[in-house]
Every structure is written in structure tokens, then in C-alpha cells.
Amino acid sequence: MKILDVGSCHNPLKQEFLNKPVNITAIDLCPSAESVFKCDFLRVSIAKTDKLFAVSNHNANEIDQLEENGFDVVVFCLFLEYLPSPRLRHKACVRAKKLLKDNG
């Protein structure tokens, strides 16, 4: 199972799914743990690709691209409430839908 944890900050799901067959990609604008990639979810490129994500050339901990239909689950724990407008919250949900596999 592939999970995208948006707004993860310190990757709390890592402990939760330790020793389970789950691949967690944790992203945040300002990560506070090495296991969290720096990524602006509202601006990151979404593309059809064989890779899970593309890592930026200038920073190995920064994601430039996410795979369309590449995740089973997208988690927004405490993410949407920080977005200042309904338009941005809607945009985030539309982007999450593009990232989800069929029946994700």
C-alpha cells in the first residue's frame, strides 16, 4: 500500500506502520524530520510517470513531482484547516483525487 501524508511535519505515520508492508511518502512545506520531504502540495507537478516521485536536482530531500494515480491513500491530517480559503481547500482535494489510484 502506498500512502501520501500531506502536511506531515514529523512523519507520525512512520511509527504507526513500522514493520508493515506500507510505503509512506511524507511531505511538508517545512519538514521537521529527515524522513519528511520538502514539497509544496498545491504547486508540485503531477505527472504520469513510472517513478513514485522525482527528487529535485538541488536538494535530495525535496520533491518536484508526484505520480498521477500513484497512491492508495492520501492523508490530510490537520492540513486543510491551515489553508486560508475554500478555493485552496478545493484545489488540494482535486489534486489529491488525481494522485489516488482507482478506488483509492
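Refer to the preceding data block for the structure.
Just so it is clear, the structure is predicted and the values come from calculations on it, not from any experiment.

Counting its secondary structure elements, the protein contains two helices and seven strands. The order of helices and strands in the protein, counted from the N terminus, is β-α-β-β-β-β-β-β-α. By the compact-globule yardstick of 13 Å for 104 residues, the protein fits well, its C-alpha radius of gyration being 13 Å. Projected onto its principal axes, the C-alpha coordinates of the protein cover approximately 35 × 30 × 30 Å.

Time to look at the pairing of strand β1 (residues 2–6). In the case of a regular strand, side chains alternate between the two sheet surfaces. The element β1 is extensively covered by neighbouring structure, given that four of its five residues are classed as buried. Taken together, the five bridges between β1 and strand β2 (residues 23–28) define a ladder with parallel strand orientation. Each bridged residue has a counterpart across the sheet, and for K2 the counterpart in β2 is N23. Relative to strand β7 (residues 73–75), β1 runs parallel, the two sharing three bridges. Along β7, the bridge assignment pairs L4 with V74.

Applying the stated criterion to the full structure yields two salt bridges. Ionic pairing is found between R43 and D40, a salt bridge with its closest N-O pair at 3.8 Å. Exposure remark for R43: the relative accessible area of 70% places this residue in the exposed category. Between K101 and D72 there is a salt bridge, with the nearest N and O atoms lying 3.5 Å from each other. Residue K101 is located in the segment after α2 (86–99), and its partner D72 is located in the loop between β6 (63–67) and β7; the two are separated by 29 residues in the primary sequence. Overall, K101 belongs to the partly exposed group, its relative accessible area being 30%. Under the relative-accessibility criterion, D72 is labelled partly exposed at 26%.

The rules behind the values
Per chain, the residues get numbers from 1 upward, laid out in the order the sequence is written. The predicted origin of the model limits local features to residues at a pLDDT of at least 70 and limits the giving and counting of side-chain atom pairs to 80 or more, whereas totals for whole chains, interfaces and linings rest on all residues. Only hydrogens and water are set aside; all other atoms, that is, all heavy atoms of the structure, feed into the side-chain values. Numbered from the N terminus, helices here are DSSP runs of H or I no shorter than four residues, and strands are runs of E no shorter than two. For this measure, only C-alpha atoms enter the radius of gyration; the expected value for a globule follows 2.2 Å times N^0.38, where N is the number of residues. Any residue under 20% of the maximum accessible area for its type is buried, any over 50% is exposed, and the rest in between are partly exposed; the area is computed with a 1.4 Å probe on protein chains only. Two strands are said to pair when DSSP picks up at least two bridges between them. Salt bridge, as used here: a side-chain nitrogen of Lys or Arg that lies within 4 Å of a carboxyl oxygen of Asp or Glu.

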